[in-house]
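Okay, here's what each chain looks like letter by letter:
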Amino acid sequence: MEITNEKLKLTFQIIFNKNMDKITPEDLQSLESISINSQGLSPEETELNVLETMKHCPNLKEISFIYTFITKKILEVLSTTNIKKITFDNSAFEDEKAIHLPESVTYLKMNKCFLDNYDNFLKQLPSMLEILYINYPSDESTIHISLLNQLKKLQKVVLDGCIVDFNNIDLQECDYLSLLGTSISEKAIEDISHLQKLKKFYISKKYNELKGIKGFPPTVEIKNDLSEYVYDDEEL
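No experiment lies behind these values; they were computed from the predicted model shown.

Draft legend 1. Expanded view of the overall build of the chain. In terms of helices and strands, the chain carries seven helices and 13 strands. Overall, the C-alpha framework of the chain stretches about 65 × 50 × 30 Å when taken along its three principal axes. When the 236 residues of the chain are sorted by exposure, 44% land in the buried category. Within the chain, contacts between residues separated by at least 24 positions form 41% of all contacts whose residues are at least 6 apart in sequence. Total accessible area on the chain is roughly 12500 Å²; 47% of this is exposed by carbon and sulfur atoms.

Written out as structure tokens, the structure is:
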């Protein structure tokens, strides 16, 4: 087993808590989750790091890319895996039209990433996708939410801090929708109130008095923040 990337060697040593010469191919094949932080690396170094990771860890189910420039080669190899959960954090893409994620992906998170145009990206999302996060993009591109209607298994949608076009929204299986920090019209709120399976709806507090909000069925919880996920130390 030959691993040439020093940052990758350090990552594996931290994960397995032993020196590189003690880490076996079997150890790497058993690895199901990894986080790749490319901060400070050139695009060439980043690509080598990612490709070596996927080569030596063929059974990954979850992967996170942090400060990573996603090249066409990375996307090409990534598309051939059986990974189920992908996170892009502060990342950008060499060729947005080349984004084809594995059909096995059920969870996708985009946090502070850059995309010049979301249309092709949304059209190519895996049909098995159940959870989608797009948080505070590092761009001013518009997300056409109607392009998500085709995803029949999509249950949780988070579009916090986004620019969203809400025309023709029809998320048939969505039971959790978050739009914190996202501008929304009265008409869009009324349309969302008709989503049949919606149970939780997160929206900025300033919209609480709109007529559309008051028209939501009692089965839908309307939240203005994520305080329910914050725990006091005394509660632990």
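Draft legend 2. Fine view of the pattern of salt bridges. Per the stated rule, a full pass over the model turns up seven salt bridges. The partner of Lys214 in a salt bridge is Glu209, and the shortest N-O contact between them spans 3.5 Å. Each member of the pair, Lys214 as well as Glu209, is classed as exposed.

Draft legend 3. Representation of the pairing of strand E12 (residues 200–203) within the structure. On E12, burial covers both faces: Lys200 and Tyr202 on one face and Phe201 and Ile203 on the other are all buried. Two strands pair when backbone bridges link them, and strand E11 (residues 176–179) and E12 are joined in this way by four bridges, in the parallel orientation. Bridge pairing links Leu179 to Ile203 in E12. Running through helix H6 (residues 186–193), the crossover from E11 to the neighbouring parallel element E12 is right-handed. Bridge count for E12 against strand E13 (residues 221–223) is three bridges, and the pairing is parallel.

Draft legend 4. Just the packing of aromatic side chains, in detail. Summed over all chains, the structure comprises six aromatic pairs. Summarising the aromatic geometry, the rings of Phe88 and Phe93 are spaced 5.2 Å apart at their centres and angled 70° between planes, so their arrangement reads as edge-to-face. In terms of burial, Phe88 and Phe93 fall into one category: buried. Ring-pair connections join several aromatic residues into one group, and the members of that group are Phe65, Phe88 and Phe93. Cation over ring: Lys85 sits above Tyr107, and NZ or CZ is 4.4 Å from the ring centre. The lysine or arginine in question, Lys109, covers the ring of Tyr133, its NZ or CZ lying 5.1 Å from the ring centre.

Draft legend 5. Local environment of helix H1 (residues 6–16). For H1, the full list of buried residues reads Leu8, Phe12 and Phe16. Summarising the axial view, the buried residues of H1 lie within an arc of 60°, below the 170-degree limit, and thus occupy one face. Turned more than 90 degrees away from the buried face of H1, the exposed residues are Glu6 and Ile14. Those residues of H1 hidden inside the fold are in contact with helix H2 (25–30), strand E1 (33–37) and helix H3 (43–56).

Draft legend 6. The arrangement of the side chain of Ser141 in detail. By the element assignment, Ser141 lies in the loop between strand E7 (131–135) and strand E8 (142–144). Look at Ser141 and you get buried, because its relative accessible area is 13%. Polar contacts involving the side chain of Ser141 include one to the main-chain carbonyl oxygen of Asp116, which spans 2.8 Å. For Ser141, the residues in contact, after removing those within four places along its chain, are Leu115, Asp116, Asn117, Tyr118 and Ile163.

Draft legend 7. Structural view of the side chain of Ser204. By secondary structure assignment, the location of Ser204 is in the loop between E12 and helix H7 (211–214). A distance of 3.0 Å separates a polar side-chain atom of Ser204 from the backbone nitrogen of Gly181. Not counting residues within four places of it along the chain, the set of residues in contact with Ser204 comprises Leu179, Leu180, Gly181, Thr182 and Asn224.

Draft legend 8. Looking closely at the pairing of E1. Burial along E1 is one-sided: the residues Ile34 and Ile36 are buried and none of Ser33, Ser35 and Asn37 is. Where E1 meets strand E2 (residues 62–66), five bridges bridge the pair, whose relative direction is parallel. Bridging across to E2, Ile34 finds its partner in Ile63. In this fold, E1 hands off to H3, which returns the chain to E2; that crossover is right-handed.

What counts, and where the lines are drawn
Residues numbered from 1 in each chain as written. Predicted model: local features only at pLDDT ≥ 70, side-chain atom pairs only at ≥ 80, totals over all residues. Heavy atoms only, no water. Helix = DSSP H or I, 4+ residues; strand = E, 2+ residues; numbered from the N terminus. Buried < 20%, exposed > 50% of the residue type's maximum accessible area, 1.4 Å probe, protein only. Contact = heavy atoms within 4.5 Å. Areas by Shrake-Rupley, 256 points an atom, 1.4 Å probe, with all protein chains shown as cover. Salt bridge = Lys/Arg side-chain N within 4 Å of Asp/Glu carboxyl O. Pairing = 2+ DSSP bridges. Right-handed = clockwise from strand over helix to strand, strands pointing away. Phe/Tyr/Trp six-rings, centres within 6.5 Å; stacked < 30°, edge-to-face > 60°. Lys NZ or Arg CZ within 6 Å of the ring centre and 35° of its normal. Arc of directions from axis to C-beta. Polar contact = N/O pair within 3.5 Å; in protein donor to acceptor, adjacent residues only side chain to side chain.

By themselves, these are just geometric observations and shouldn't be taken as functional.
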